[in-house]
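The lines below spell out each chain.
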Amino acid sequence: QLFTKDQHFNEVPVRIYLPRLPSASKRRAVIFIHGGCGMFGSIRSYEKVCQYIARESDSVVVSVGYRLAPEHKYPGQNLDCLTATVHFLETAENYGVDPDRIIICGDSAGATFSTSVCQELVNRTDIPKIRAQVMIYPYLQGLNFNLPSYQKNAFIPVLSQKRLIHFIIKYLNKDSALEEALLAGSHVPESINLKYGKWINPDLIPDKLKQGYKSPLSTPCVAQVYEEVKEVFETTFSPLLAEDSVVCCLPDTCIITCEHDVLRDDGLLYKKRLEDNNVKVTWYHLEEGVHGVLGLFGYRIFSFPSSNKIVNYVVNFIK
């Protein structure tokens, strides 16, 4: 049902899935950016997801094979995703795609990169606008690792609280001795807490989702730790910190969150920011969902029911 082409968009590898049946009009397209903390995953590991989206939504799907950290330093991953997206926006008609109907989609770190790309492009007038973004259990901020979802799911397998911080340190190619400092919050100067506390605040999480939450003790900032990891405050790393002037220009957004996921509250806080800036948001929450299930979609006995629910919800949103 699909033609598959491996190409390079300005040296960034991509795999393009094109429906075989001819279309009476130009198709929509989905730029897909895979998850894996910026260090794992590939075009191949998400092939079943991309094939399904292309078939079921009758869309052209472009899967981006960005370079992985720590061999390729941050923000190389963001730059690869931006490069591939701009190239496709400029050449979409060559693939039978309507350039005004292009959606960008990603899971976990892929969602971080996809919304970072959207933020980078809001002021570009020389290329078509992205029509919508789909964010599946996104990572969006490096300020507070003690939000209610972090406490509730601190020891959940696959992505525990400490494992996430370990991956962040590894992704940024920093000393693992910094992990405890990030967990405690001693990398955050008071000025940054004051500036962004209005957006990254447990009080913004609905009460029913923060039962048992205990406000952590405040920890003074250690200047050396801040200097070591200050990249986490860049909007390419923490898109939730983007200014309102950028957020208000973002396209229609679909956010998918999972209850048993440390990153649940990142998605909820971004949802509120978008809504406060009059961006149309569709939210889908999986009560039984855990982080990373999308990567197992299509693997029969290893696949989760929530994997199927996520992919079908994405397809319906696209359609």
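Each value, and the rule that gives it
- Residues numbered from 1 in each chain as written.
- Predicted model: local features only at pLDDT ≥ 70, side-chain atom pairs only at ≥ 80, totals over all residues.
- Heavy atoms only, no water.
- Phe/Tyr/Trp six-rings, centres within 6.5 Å; stacked < 30°, edge-to-face > 60°.
- Helix = DSSP H or I, 4+ residues; strand = E, 2+ residues; numbered from the N terminus.
- Buried < 20%, exposed > 50% of the residue type's maximum accessible area, 1.4 Å probe, protein only.
- Polar contact = N/O pair within 3.5 Å; in protein donor to acceptor, adjacent residues only side chain to side chain.
- Contact = heavy atoms within 4.5 Å.
- UniProt positions renumbered as here; feature names shortened; annotations may be inferred.
- Salt bridge = Lys/Arg side-chain N within 4 Å of Asp/Glu carboxyl O.

In the annotation of an unreviewed UniProt entry, the protein chain is listed under the name Arylacetamide deacetylase-like 4 and assigned to Tinamus guttatus.

Caption draft 1: Representation of the packing of aromatic side chains in the model. Summed over the entire model, instances satisfying the criterion amount to 15 aromatic pairs. Geometrically, the ring pair formed by F40 and F167 is edge-to-face, given 5.5 Å between the ring centres and 70° between the ring planes. Of this pair, F40 sits in the loop between strand 3 (27-33) and helix 1 (47-57) while F167 sits in helix 5 (residues 161-171), and the two are 127 residues apart along the sequence. Judged by relative accessible area, which is 41%, F40 ranks as partly exposed. Relative to Y95, the ring of F88 has its centre 5.8 Å away and its plane inclined at 40°; by these criteria the two rings are tilted. Here the two residues F88 and Y95 agree in accessibility, since each one is buried. The structure contains a cluster of three or more aromatic residues connected by ring pairs, namely Y74, Y139, Y171 and F237.

Caption draft 2: Structural view of the side chain of R15. Here R15 shows up in strand 2 (residues 12-19). Residue R15 is classed as buried on the basis of its relative accessible area of 17%. A polar contact of 2.7 Å, which involves the side chain of R15, links it to the side chain of D6. In this structure R15 touches T4, K5, D6, I43, R44, E47, V61, V62 and S63, once residues within four positions along its chain are discounted.

Caption draft 3: Fine view of the UniProt feature "domain: Alpha/beta hydrolase fold-3" (unreviewed entry) in the protein chain. UniProt's entry tags residues 30-178 and 225-293 with the feature "domain: Alpha/beta hydrolase fold-3" (unreviewed entry), counted in the numbering of this structure. Here residues 30-178 is 38% helix and 17% strand, with 38 Å between the C-alpha atoms at its ends. Within residues 225-293, the helical portion is 32% and the strand portion 28%, while the C-alpha atoms at the span's ends are 33 Å from each other.

Caption draft 4: The arrangement of the pattern of salt bridges in detail. In the structure shown here, the tally under the stated rule is 19 salt bridges. Between K210 and D207 there is a salt bridge, with the nearest N and O atoms lying 3.8 Å from each other. A salt bridge links K230 to E227; the shortest N-O distance between them is 3.0 Å. Salt bridges sharing common partners tie together K152, E259, R264 and D265.

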